[in-house]
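Fold and geometry: a report
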Amino acid sequence: MQAELEGQFQDFVRARWSRLVRTAYLLTGDVHHAEDLTQTALAKAYRSWRRIARSDNPEAYVRRMLVSCNSDRFRKRRVTEALTAAPPERAGRDDESVGRVDERGSLLAGLAQLPAKQRAVVVLRYWEDLSEAEVAEVLGCSPGTVKSQASKGLAKLRLYPGLMREDRTVSRRGGGR
């Protein structure tokens, strides 16, 4: 039985690793923190995998662990992070690619300026495309809280200088995938 659970867990990690790291990156703003956060959440999930595997949605369970581990990270260290205003330079193939990199960098910088709860709601709701009820379940709050935090978070993003242009503001989808 233990070998079967081990196999299920390994299959789960292989199938969902990149998506969990992406979510963690959006929560932390740093690829190294994101990988560490994902590993921490998966280590906790491994210890409880028998129970998690029986749940209706193991991915949602682990995603909730990811958000909790991210909150714990700030409770324990209380270290301020200095995020850069722009991402490192990347080679673009054309002007459109460069524009998308700039927009993505601005979006990530804007997300970094949001309070942790608003950032979690915006990431889960608009980037991960979860419903309000699913976000509420992951965060352990009411759907009304999700709605208000999403509204406040999007309003702040719309005012973020790198995301404002004459022809558009941040879309309802939060800047795309």
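Further up the page is the structure itself.
Every chain is numbered independently, its residues counted from 1 as its sequence is written. Where totals are concerned, whole chains, interfaces and linings use all residues; where local detail is concerned, this predicted model gives features only for residues with pLDDT of at least 70, and gives and counts side-chain atom pairs only at 80 or more. Side-chain descriptors were evaluated using all non-hydrogen atoms of the structure, hydrogens and water having been removed beforehand.

A pair of aromatic rings is counted whenever rings of Phe, Tyr or Trp (Trp by its six-membered ring) have centres within 6.5 Å, and the orientation is called stacked for planes under 30 degrees apart, edge-to-face for over 60 and tilted otherwise. Under the definition given, this model contains three aromatic pairs. Consider the rings of Phe9 and Tyr46, whose centres lie 5.2 Å apart with planes at 65 degrees: the pair is edge-to-face. Of this pair, Phe9 sits in helix α1 (residues 2-28) while Tyr46 sits in helix α2 (residues 31-47), placing them 37 residues apart in sequence. Buried means the residue's accessible area, taken with a 1.4 Å probe over protein chains only, is under 20% of the maximum for its type, while exposed means over 50%, and partly exposed covers the values in between. We classify Phe9 as buried; its relative accessible area is 9%. A relative accessible area of 39% means that Tyr46 is categorised as partly exposed. Their ring planes at 75 degrees and their centres at 5.2 Å tell us that Phe9 and Trp49 sit as a pair that is edge-to-face. Remark: Trp49 occurs in helix α3 (residues 49-53) and Phe9 occurs in helix α1; sequence separation between them is 40 residues. Residue class for Trp49 comes out buried when judged on its relative accessible area of 6%. Put simply, DSSP marks the helices as runs of H or I at least four residues long and the strands as runs of E at least two long, and each gets a number from the N terminus on.

Now for the nonpolar core. Put simply, buried Ala, Val, Leu, Ile, Met, Phe, Trp, Tyr and Cys residues joined by side-chain atoms within 4.5 Å make one nonpolar core. Of all hydrophobic cores here, the largest spans 25 residues; its most connected members are Val67, Leu111, Leu124, Val135, Leu139 and Leu157. If you list the elements that add at least two residues to this core, you get α1, α5 (95-113), α6 (116-127), α7 (132-139) and α8 (143-159). No other element matches the seven residues that α6 contributes to this core. Beyond its immediate stretch of four places on either side in the chain, Val135 contacts Val121, Leu124, Arg125, Leu130 and Val146. Core analysis: the second largest hydrophobic core is formed by 17 residues, Phe12, Leu20, Leu37 and Leu42 among them. Note on contacts: a residue pair is in contact if any heavy atoms of the two residues lie within 4.5 Å.

Should their charged atoms come close, side chains of opposite charge can pair. In the sections that follow, a salt bridge refers to a side-chain nitrogen of Lys or Arg positioned within 4 Å of a carboxyl oxygen of Asp or Glu. According to the stated counting rule, one finds seven salt bridges in the structure shown. Across the pair Asp11 and Arg14 runs a salt bridge, and its minimum N-O distance is 2.9 Å. Of this pair, Asp11 and Arg14 are both found in helix α1, three residues apart, which corresponds to roughly one turn of the helix. We classify Arg14 as exposed; its relative accessible area is 59%. A salt bridge links Glu59 to Arg19; the shortest N-O distance between them is 3.4 Å. Remark: Arg19 occurs in helix α1 and Glu59 occurs in helix α4 (residues 58-77); sequence separation between them is 40 residues.

Taking 1.5 Å per residue, 17 residues should reach 24 Å; α2 reaches 25 Å between its end C-alpha atoms and fits that length. Looking at α2, one finds that the buried residues are Ala34, Leu37, Thr38, Ala41, Leu42 and Ala45. All buried residues of α2 lie within an arc of 130 degrees about the axis, which places them on one face of the element. Of the exposed residues in α2, the ones pointing more than 90 degrees away from its buried face are His32 and Arg47. Each polar contact in these results corresponds to two N or O atoms within 3.5 Å; when the atoms are within protein, one needs to be able to donate a hydrogen and the other to accept it, and residues that are neighboring in sequence are counted only if both atoms are side-chain atoms. The N-terminus of α2 is capped by Asp30, whose side-chain oxygen sits 2.9 Å from the backbone nitrogen of His32. Multiplying one less than the number of residues by 1.5 Å gives the expected span of a helix. Each C-beta atom gives one direction from the helix axis, and the arc is the one those directions make.

Here Gln118 shows up in helix α6. Aside from chain neighbours lying at most four places away, what touches Gln118 is Gln149, Lys152, Gly153 and Lys156.

None of the figures reported here should be taken as evidence of function without further support.
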